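# Descriptive structure summary
Now for the letters of each chain:
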Amino acid sequence: MNSKKQATPADQSKGLEQKQPKNKTVSAQTAPDLKEFPAITPAGQSMAELNAMLLAAKSGGAARLPDAAVAETPESQGDGESAPQAPARIYAPEEQRCGLIAIVGKPNVGKSTLMNALVGQKISITSRKAQTTRHRITGIRTREETQFVFVDTPGFQTKHSTALNKSLNKTVMGAIGDVDLILFVVEAGSFTLGDAKVLSLFKPGIPTLLIANKLDRVHRRGDIAPWLRDMQERHPFTEFVPMSAKKRDDIQRLLGICAPYLPQQPWFYGADELTDRSEKFLASETVREKLFRFTGDELPYTSTVVIDKFDEEPSPKFGRFMRIAATIVVERDGHKAMVIGAGGERLKMISTEARQELEKLLNAKVFLEVWVKVRSGWADDAARVKSFGYE
């Protein structure tokens, strides 16, 4: 472990993402050279373990998760034959283990994808567009005696000091201040000024795992070992976890790594609960995800969605019928036209896909109305930001 004084974000950003020598070649079957790597991490990881982890996570080494991010448990994986299942064991409170795990990182490093995979169902919205997560999203996964309570946070904002960004950063700071474990998510092989600024927020004493995500995109695995060595010099990470959030084996391995860090105490939630957020909140997030998916980089990330109506009505025909009205809030008339699209086609696509996903999520027939309104400067108005549901 490095005993040097922790570097400042400015110091940490120097020399980031340096190119490796071009004459160095590494076979996909060759273990990375870890001779210069510290013998162990604080948690006792050996060089051999890291070596095996990198090789096991090589591209194509495990099945990818579907878009819905439904992670299978080890018991559900097999040769397709259905085996008789033993009755689920009931764990007494004194046998249970439970704790809070914060998923933290700069925007667009795969935090929401990781959250959904860990929970086993879509809870947090995903998008190629950065800065789409706005709230503290809690996802719950109960596996055997352990209940994992994951907190997906917004990416820490560093560019603009708007009321919205201040609210998002407040959410991040609140999440990492009172947890049992931090998952610091970065892209494998990369460390930018944005990563450094997030890392500088961490308080000493909370175990922190370095999640080197998107490992499947790294073609030269031999470059990862020296990068991990450099990362250990930046912060005393408890363990390193090179992985891809879209691989089932990696998700199951991460759950096993996290479990021992959680205290022995009764579960916070029921064994079948997946999130503490309301259905109304999930409806607004679903519409916002489709908004960003169909507008891409054209629409500023300051656009948001407000749910005006969320009513359940009796329906002998459908069993459960939900009537939902949502308003997409943008800052300019030009943005409104962009969302509506030619002849209203883009808004129709946003509404249709949101309704279809909500019907699966809510297990109900859904009638969804979506409107678009202009609220100029809302993201820099603290009162309006709060009125839209932000902290």
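Whatever comes next refers back to the structure up there.
The following paragraphs examine the structure supplied in this document. Everything numeric in this text was worked out from a predicted model, so none of it was measured.

### Quick notes on the overall build of the protein
Helix and strand counts for the protein stand at eleven helices and nine strands. When the 391 residues of the protein are sorted by exposure, 49% land in the buried category. Contacts in the protein between residues far apart in sequence, at least 24 positions, make up 75% of those at least 6 positions apart.

### Some thoughts on the nonpolar core
Ranked by internal contacts, the top residues of the largest apolar core, which has 30 residues, are Phe-184, Phe-191, Phe-202, Leu-210, Ile-224, Trp-227 and Phe-237. Elements represented by at least two residues in this core include exactly strand 1 (97-104), strand 4 (181-187), helix 5 (193-199), strand 5 (208-213) and helix 6 (224-234). Among the nonpolar cores identified, the runner-up in size contains 26 residues, and Met-115, Val-185, Val-241 and Cys-258 belong to it.

### Some thoughts on the packing of aromatic side chains
Ring pairs (aromatic) are described by centroid distance and by the angle formed between their planes. Evaluated as defined, the whole model comprises five aromatic pairs. On the basis of an interplanar angle of 5 degrees and a centroid distance of 5.9 Å, the ring pair of Phe-148 and Phe-150 is categorised as stacked. The pair formed by Phe-148 and Phe-150 is uniform in burial state, with each residue classed as buried. Among the aromatic residues, those joined into a cluster by ring pairs are Phe-184, Phe-202, Phe-237 and Phe-240. The ring of Phe-281 is capped by Arg-277, whose NZ or CZ atom sits 3.9 Å from the centre of that ring.

### Some thoughts on the sheet that holds strand 7 (residues 304-313)
Strand order in the open sheet formed by three strands is 7-8-9, and the pairing between neighbours is mixed. One side of each edge strand has no neighbouring strand; the edge strands of this open sheet are strand 7 and strand 9 (365-374). Neighbour-to-neighbour, the strand axes of this sheet turn through a mean angle of 15 degrees, independent of strand direction. Both strand 7 and strand 8 (residues 321-330) contribute to a ladder of nine bridges, which runs antiparallel. Within strand 8, the position partnered with Lys-309 by the bridge is Ala-325. Packing against the sheet, helix 9 (residues 333-340) makes contact with strand 8 and strand 9, and its axis sits at approximately 150 degrees to strand 9.

### Thoughts on the pattern of salt bridges
Here the structure, examined in full by the defined rule, presents 13 salt bridges. The partner of Arg-293 in a salt bridge is Glu-289, and the shortest N-O contact between them spans 3.6 Å. In this pair, Arg-293 and Glu-289 are both assigned in helix 8 (residues 279-295), four residues apart and thus about one turn of the helix distant. Here Glu-289 falls in the buried class, since its relative accessible area comes to 1%. Each of Glu-289, Lys-290, Arg-293 and Glu-357 takes part in one network of salt bridges that share partners.

### As for unusual backbone geometry
For Lys-214, which is not glycine, the phi torsion reads 60 degrees and is therefore positive. Within the element layout of this structure, Lys-214 appears in the loop between strand 5 and helix 6. Unlike most non-glycine residues, Asn-363 shows phi in positive territory, near 50 degrees. With respect to the helices, strands and loops of the structure, Asn-363 is situated in the loop between helix 10 (345-362) and strand 9. Here Asn-363 falls in the exposed class, since its relative accessible area comes to 66%.

### Section: the packing of helix 8 against helix 10
Interaxial distance between helix 8 and helix 10 falls to 9 Å at its minimum, and their mutual angle equals 140 degrees. For the pair helix 8 and helix 10, the crossing hand works out as right-handed. Where helix 8 approaches helix 10, its residues Glu-279, Leu-282, Ala-283, Thr-286, Val-287, Glu-289, Lys-290, Leu-291, Phe-294 and Thr-295 are matched on the opposing element by Arg-346, Met-349, Ile-350, Glu-353, Ala-354, Glu-357, Leu-358, Leu-361 and Leu-362. Residue composition of the contact of helix 8 with helix 10, grouped by class: eleven nonpolar, two polar and six charged.

### Describing the pairing of strand 8
Strand 8 sits mainly inside the fold: nine of its ten residues count as buried. By the bridge criterion, ten bridges tie strand 8 to strand 9 in an arrangement that is parallel. The residue bridging Ile-324 from the neighbouring strand is Leu-368, located in strand 9.

### Brief notes about the pairing of strand 4
Counting buried residues in strand 4 gives six out of seven residues, a clear majority hidden from the surface. Here strand 1 runs beside strand 4; their pairing, made up of four bridges, is parallel. Residue pairing in the sheet places Ala-102 in a bridge with Ile-182 of strand 4. Pairing geometry for strand 4 and strand 5, over six bridges, is parallel. Directly across from Glu-187, in strand 5, lies its bridge partner Asn-213. This β-α-β element, strand 4 to helix 5 to strand 5, shows right-handed connectivity.

### Let's talk about the environment of Pro-266
By the element assignment, Pro-266 lies in the loop between helix 7 (248-258) and helix 8. For the pair Pro-266 and Gln-96, spaced 170 residues apart in sequence, the C-alpha to C-alpha distance is 5.3 Å. Apart from the residues within four sequence positions on either side, Pro-266 is in contact with Pro-93, Gln-96 and Cys-98.

Conventions adopted
Residues numbered from 1 in each chain as written. Predicted model: local features only at pLDDT ≥ 70, side-chain atom pairs only at ≥ 80, totals over all residues. Heavy atoms only, no water. Helix = DSSP H or I, 4+ residues; strand = E, 2+ residues; numbered from the N terminus. Buried < 20%, exposed > 50% of the residue type's maximum accessible area, 1.4 Å probe, protein only. Contact = heavy atoms within 4.5 Å. Core = buried A, V, L, I, M, F, W, Y, C linked by side-chain atoms within 4.5 Å. Phe/Tyr/Trp six-rings, centres within 6.5 Å; stacked < 30°, edge-to-face > 60°. Lys NZ or Arg CZ within 6 Å of the ring centre and 35° of its normal. Pairing = 2+ DSSP bridges. Axes fitted to C-alpha atoms, helices over the stretch in contact; angles between N-to-C directions. Salt bridge = Lys/Arg side-chain N within 4 Å of Asp/Glu carboxyl O. Left-handed = near helix turned anticlockwise from the far one by under 90°. Nonpolar A, V, L, I, M, F, W, Y, C, P; charged D, E, K, R; others polar. Right-handed = clockwise from strand over helix to strand, strands pointing away.

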